[in-house]
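# Secondary and tertiary structure notes
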Amino acid sequence: QVQLVESGGGLVQAGGSLRLSCAASGLTFSSYGMGWFRQAPGKEREFVAAINWSGGSKNYADSVKGRFTISRDNAKNTMYLQMNSLKPEDTAVYYCAADWTGSDSHRMVYEYRYWGQGTQVTVSS
């Protein structure tokens, strides 16, 4: 049974930083591309960042480029999202997702096979 468990969310002031983690089990983690998405109240789930199976290729939404960094540790079956210079508009539930193709190029929700339950990130102004 595949499980993706996010952690590291919380309340932070604008300009602050958070590091999200996504621990994976039940799948061959090193074969999967991984992604982060977020969903704010009343809005659709949107792409944030993706990383390919090896960690050698990454893809970011324009809204987070230069502020967020995605990474992974295949030995620990864990993916990370370092979020710096946070803004109130970054407030959302953040989800990690697994893409069986191993790619970092997928930005659509339907392209990801497995999902975590999400972790809340709140940025106060």
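An account of the accompanying structure is given in this report. Quick caveat, the model's predicted, so the values are computed rather than measured.

Let us now look at the overall build of the protein chain. The secondary structure content of the protein chain amounts to zero helices and 11 strands. In the protein chain, the order of α-helices and β-strands from amino to carboxyl end is β-β-β-β-β-β-β-β-β-β-β. Taken over C-alpha atoms, the radius of gyration comes to 13 Å for the protein chain, in line with the 14 Å a tight globule of 125 residues would show. Across the protein chain, the fraction of contacts at a sequence separation of at least 24, relative to all contacts at a separation of at least 6, is 60%. Accessible surface, the protein chain as shown: approximately 6,200 Å² in total, 46% of it carbon and sulfur. Positive and negative charge centroids in the protein chain, built from 12 and 10 side chains respectively, lie 4 Å apart.

Looking at where Arg 72 falls in the secondary structure, it is placed in strand β7 (residues 68-73). Exposure remark for Arg 72: the relative accessible area of 13% places this residue in the buried category. The spatial distance from the C-alpha of Arg 72 to the C-alpha of Ser 21 is 9.2 Å, given a sequence separation of 51 residues. A polar contact is formed between the side chain of Arg 72 and the backbone oxygen of Tyr 32, at a distance of 2.7 Å. Side-chain polar atoms of Arg 72 contact the backbone oxygen of Asn 52, separated by 2.8 Å.

Bringing the pattern of salt bridges into the picture now. What the rule picks out here adds up to four salt bridges. Residues Asp 90 and Arg 67 are paired through a salt bridge, measuring 2.7 Å at the closest nitrogen-oxygen approach. Remark: Arg 67 occurs in the loop between β6 (58-60) and β7 and Asp 90 occurs in the loop between β8 (78-83) and β9 (92-99); sequence separation between them is 23 residues. Neither residue differs from the other here; Asp 90 and Arg 67 are each classed as buried. Bridged by salt links that share partners, the residues Arg 38, Glu 46, Arg 67 and Asp 90 form one connected network.

Rules and cut-offs
- Residues numbered from 1 in each chain as written.
- Predicted model: local features only at pLDDT ≥ 70, side-chain atom pairs only at ≥ 80, totals over all residues.
- Heavy atoms only, no water.
- Helix = DSSP H or I, 4+ residues; strand = E, 2+ residues; numbered from the N terminus.
- Rg over C-alpha atoms; globule rule 2.2 N^0.38 Å.
- Contact = heavy atoms within 4.5 Å.
- Areas by Shrake-Rupley, 256 points an atom, 1.4 Å probe, with all protein chains shown as cover.
- Lys, Arg positive; Asp, Glu negative; His and termini not counted.
- Charge placed at Lys NZ, Arg CZ, Asp CG, Glu CD.
- Buried < 20%, exposed > 50% of the residue type's maximum accessible area, 1.4 Å probe, protein only.
- Polar contact = N/O pair within 3.5 Å; in protein donor to acceptor, adjacent residues only side chain to side chain.
- Salt bridge = Lys/Arg side-chain N within 4 Å of Asp/Glu carboxyl O.

Geometry only, nothing functional implied.
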